[in-house]
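In case you want the letters, here they are:
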Amino acid sequence: MNYDALRTFVTIVEEKNFTRAAEKLLISQPSVSLQVKQLENELQTRLLERSPKHLQVTPTGEILYQRAKQILKLYEQAKKEIEEYQQTLSGLIRIGASYTIGEYILPTRLPSFYQKHPEIEAEITIGNTEQIVQGVRTFHLDLGFIEGHTNYQDLQIQPFMNDEMVLIVSANHPIAQLEQPLKIDDLQNQTWISRESGSGTRDYMVHMIRTWGLKVKNKWVISSNHGVKEMVLQGLGISMLSHWVVRKEVEQGDLVVLKISGLDTFKRRLSYLLPLHSESKLRDVFMKQIHGYTW
């Protein structure tokens, strides 16, 4: 099974047409057909069903398509790693970070890295935990930083710092007027402002609501920390966010951190992700500095 045949097959599936695939790859249509035939002979299965108007991917063709994309990514990753090894320490490192880390924590650490390695460029992608996990798994990202958890066996996950979560309401919210520390029952039948599905922050908040046995009156969902914070500031409900996200508003008195009787602080571990069996000099240099930080 060679690289060109896999690339051709993937292009056909994505273009849904032999002619367009040939034009995109700058090869003849007979060559495209021949490569597909060779794959089918090698795998002893029909990969595509063709008619004058339609092209249908068979179930086994879909399996090959998904795996072929991974193989092509691995090949490109190998080329990149070899080039990095043979060259001086320069190039692009692709970093993924979930929202709290990417918006509030990582930016405080990047300037010192740039001062030491001005020849290295960084491309930062911010998304929720699940998006970052998938980006690392598919080699679209060289490494990722997440707030949640993952159980994928093809990833190396390593905690690197603690994060404190805080319960927050607007200073004008009725609960903010109650004497603290609060009782758990003071949080019953309240409106909660939540991050979207796939967010590590959301998972933590939902876990605490269930642990405390709280009934939720209403739930608003918004896919950014800033959006959650702004809705809480408007008095629409309660939320739980990292102290990194709300510390300025708490210091200014616009948000109130709620204390719960018998409970001290809410801690979670932030972690970084690396793909298994992948080497990168740029990533190694970046991770060395990450380990050197006092978080």
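Residues numbered from 1 in each chain as written. Predicted model: local features only at pLDDT ≥ 70, side-chain atom pairs only at ≥ 80, totals over all residues. Heavy atoms only, no water.

For the chain, an unreviewed UniProt entry supplies the name DNA-binding transcriptional LysR family regulator and the organism Hazenella coriacea.

Topic: the overall build of the chain
When helices and strands are tallied, the chain shows eleven helices and eleven strands. Its C-alpha atoms give the chain a radius of gyration of 25 Å, more than 25% over the compact-globule value 19 Å for 295 residues. With the principal axes as the frame, the chain shows a C-alpha extent of 80 × 50 × 30 Å. Counting the 295 residues in the chain, one finds 45% classified as buried. Taking the intrachain contacts of the chain between residues at least 6 apart in sequence as the baseline, contacts between residues at least 24 apart amount to 75%. Carbon together with sulfur atoms contributes 50% to the accessible area of the chain, which is approximately 16000 Å² in total. (Helix = DSSP H or I, 4+ residues; strand = E, 2+ residues; numbered from the N terminus. Rg over C-alpha atoms; globule rule 2.2 N^0.38 Å. Buried < 20%, exposed > 50% of the residue type's maximum accessible area, 1.4 Å probe, protein only. Contact = heavy atoms within 4.5 Å. Areas by Shrake-Rupley, 256 points an atom, 1.4 Å probe, with all protein chains shown as cover.)

Looking at the packing of helix H2 (residues 18-25) against helix H3 (residues 29-43)
Closest axis-to-axis distance for the H2/H3 pair is 8 Å, and the angle between their directions is 105°. As the angle between them shows, H2 and H3 are arranged roughly perpendicular. In this structure, H2 uses Phe 18, Thr 19 and Ala 22 to contact H3, whose residues at the interface are Gln 29, Val 32, Ser 33 and Val 36. Here the contact of H2 with H3 is composed, by residue class, of four nonpolar, three polar and no charged. (Axes fitted to C-alpha atoms, helices over the stretch in contact; angles between N-to-C directions. Parallel < 35°, antiparallel > 145°, perpendicular 65-115°, else oblique. Nonpolar A, V, L, I, M, F, W, Y, C, P; charged D, E, K, R; others polar.)

Things to note about the pattern of salt bridges
Tallied over the full model, the rule gives eleven salt bridges. Residues Glu 196 and Arg 195 are paired through a salt bridge, measuring 2.9 Å at the closest nitrogen-oxygen approach. On the basis of relative accessible area, Arg 195 is assigned to the buried category, the value being 3%. One network of salt bridges, in which partners are shared, links Glu 15, Arg 20 and Lys 24. (Salt bridge = Lys/Arg side-chain N within 4 Å of Asp/Glu carboxyl O.)

Description of the pairing of strand E6 (residues 155-170)
Taken residue by residue, a regular strand's side chains alternate between the two faces of the sheet. Strand direction decides the pairing type here: E6 and strand E11 (residues 266-275), joined by ten bridges, are antiparallel. Each bridged residue has a counterpart across the sheet, and for Asn 162 the counterpart in E11 is Arg 269. (Pairing = 2+ DSSP bridges.)

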